Amino acid sequence: MRRLIGLALAGVMAWAAITVHGQPNTPPAAPPAAAVTVPGQGAGAISPDALSKASAQLAALPVKGRAPKTGYARSQFGPRWSDDVDVEFGHDGCD
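This is a predicted model, so every value here is computed, not measured. (Residues numbered from 1 in each chain as written. Predicted model: local features only at pLDDT ≥ 70, side-chain atom pairs only at ≥ 80, totals over all residues. Heavy atoms only, no water.)

Peer 1: Help me out: how do you make sense of the overall build of the chain in this one?
Peer 2: Counting its secondary structure elements, the chain contains 2 helices and 2 strands. Along its sequence from the N terminus, the chain presents helices and strands in the succession α-β-β-α. Taking all 95 residues of the chain together, the buried fraction comes to 9%. Taking the intrachain contacts of the chain between residues at least 6 apart in sequence as the baseline, contacts between residues at least 24 apart amount to 24%. (Helix = DSSP H or I, 4+ residues; strand = E, 2+ residues; numbered from the N terminus. Buried < 20%, exposed > 50% of the residue type's maximum accessible area, 1.4 Å probe, protein only. Contact = heavy atoms within 4.5 Å.)

The following block contains the structure:
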């Protein structure tokens, strides 16, 4: 079920991206009227009610804050990247 919801949401997001970033001076395309066909599901379709339910479930997921950096030490990962190299893009200030 989660995979189906994810595929449906990805389809809706792709449709929205295409509509928003379509060609200039082109009126936006109409949204699908009755259902969204899910890739890989053949003739299967998801009803608008199912999409609304999926959106509500996603909105209900808790968004966590940044985790504490317990036990982290930069020295565990060796020396940091150096820009002092004699190759292309060396000494470009991005170290």
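Peer 1: I would appreciate a short explanation of the confidence of the model for the chain in the present structure.
Peer 2: A low pLDDT score tells you not to read the predicted coordinates there in detail. On average, residues of the chain carry a pLDDT of 74, and 66% of them reach 70 or more. Taken element by element, the predicted model of the chain shows its lowest mean pLDDT in strand E1 (residues 36–37) (57) and its highest in helix H2 (residues 48–60) (91). (pLDDT = per-residue confidence, 0-100.)

Peer 1: Help me understand unusual backbone geometry, please; the structure alone is not making it clear to me.
Peer 2: Of note in this structure, Phe89 is not a glycine but carries a positive phi near 70 degrees. Within the secondary structure, Phe89 is located in the segment after H2. A relative accessible area of 63% means that Phe89 is categorised as exposed. Phi at His91 takes a positive value of approximately 60 degrees, unusual for a residue other than glycine.

Peer 1: What is the right way to look at the side chain of Asp83 in this model?
Peer 2: Here Asp83 is to be found in the segment after H2. Overall, Asp83 belongs to the buried group, its relative accessible area being 11%. Within the structure, the side chain of Asp83 is placed 3.0 Å from the backbone nitrogen of Asp92, a separation counted as a polar contact. (Polar contact = N/O pair within 3.5 Å; in protein donor to acceptor, adjacent residues only side chain to side chain.)

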